[in-house]
Amino acid sequence: MPFYEFMCEGCGPFEELRPMADASDPAACPACGGEARRVFSPPGLALLTRPLRCALEREEKSAHEPDVVGEKRGRPMSHRHAPAPSWVLAH
Ligand SMILES: [Zn+2]
């Protein structure tokens, strides 16, 4: 199942894992339970932010002990609140 991005008016964006058939349904915000709209990421943004994200991860990794299995362990699989990207607030 793929992750889809949703935007809660009060709490900001979050991601939810759901079947592709339900992708266009509104999601319930994990923080306030309110209805959240589906967010479509502009395809150009991913290309722009990916090199930056990789650079940041590499920088962070080099600051700690190398850990080949630690990357997935620290991340919850769903309902992760991400900081609002600037393009979300722009409109
Ligand atoms: Zn909310």
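Every value quoted in this text rests on a predicted model; they were computed, and no experiment measured them.

1. Quick look at the overall build of the chain
Line of reasoning, step 1. Helix and strand content of the chain: 3 helices and 5 strands.
Line of reasoning, step 2. Going from N to C terminus, the chain has its helices and strands arranged as β-β-β-β-α-α-β-α.
Line of reasoning, step 3. Counting only residues that meet the buried cut, the chain has 18% of its 91 residues in that class.
Line of reasoning, step 4. Within the chain, contacts between residues separated by at least 24 positions form 41% of all contacts whose residues are at least 6 apart in sequence.

2. Digging into the coordination of the zinc ion
Line of reasoning, step 1. Around the zinc ion, the protein supplies C8 (SG), C11 (SG), C29 (SG) and C32 (SG) as donor atoms, at distances of 2.3 Å.
Line of reasoning, step 2. We note that the donor set of the zinc ion lies within a single chain, spaced as C-x2-C-x17-C-x2-C. Of this pair, C8 sits in strand β1 (residues 3–8) while C32 sits in the loop between β3 (27–28) and β4 (35–39), and the two are 24 residues apart along the sequence.

3. Side note on the pairing of strand β2 (residues 12–17)
Line of reasoning, step 1. Relative to β2, β1 is paired through 6 bridges, and the arrangement is antiparallel. Bridge pairing links E5 to E15 in β2.
Line of reasoning, step 2. Counting the residues between successive antiparallel strands, the hairpin from β1 to β2 contains 3 residues.

4. Some words on the packing of aromatic side chains
Line of reasoning, step 1. One pass over the full model with this rule turns up 1 aromatic pair.
Line of reasoning, step 2. Plain terms: the ring middles of F6 and F14 are 5.8 Å apart, the flat faces sit at 25° to each other, and that makes the pair stacked.
Line of reasoning, step 3. Among the residues examined, F6 registers a relative accessible area of 0% and is labelled buried.
Line of reasoning, step 4. With a relative accessible area of 1%, F14 lands in the buried category.

Cut-offs and rules
- Residues numbered from 1 in each chain as written.
- Predicted model: local features only at pLDDT ≥ 70, side-chain atom pairs only at ≥ 80, totals over all residues.
- Heavy atoms only, no water.
- Helix = DSSP H or I, 4+ residues; strand = E, 2+ residues; numbered from the N terminus.
- Buried < 20%, exposed > 50% of the residue type's maximum accessible area, 1.4 Å probe, protein only.
- Contact = heavy atoms within 4.5 Å.
- Donors = N, O, S within 2.8 Å, 3.2 Å for Na, K, Ca; no water.
- Pairing = 2+ DSSP bridges.
- Phe/Tyr/Trp six-rings, centres within 6.5 Å; stacked < 30°, edge-to-face > 60°.

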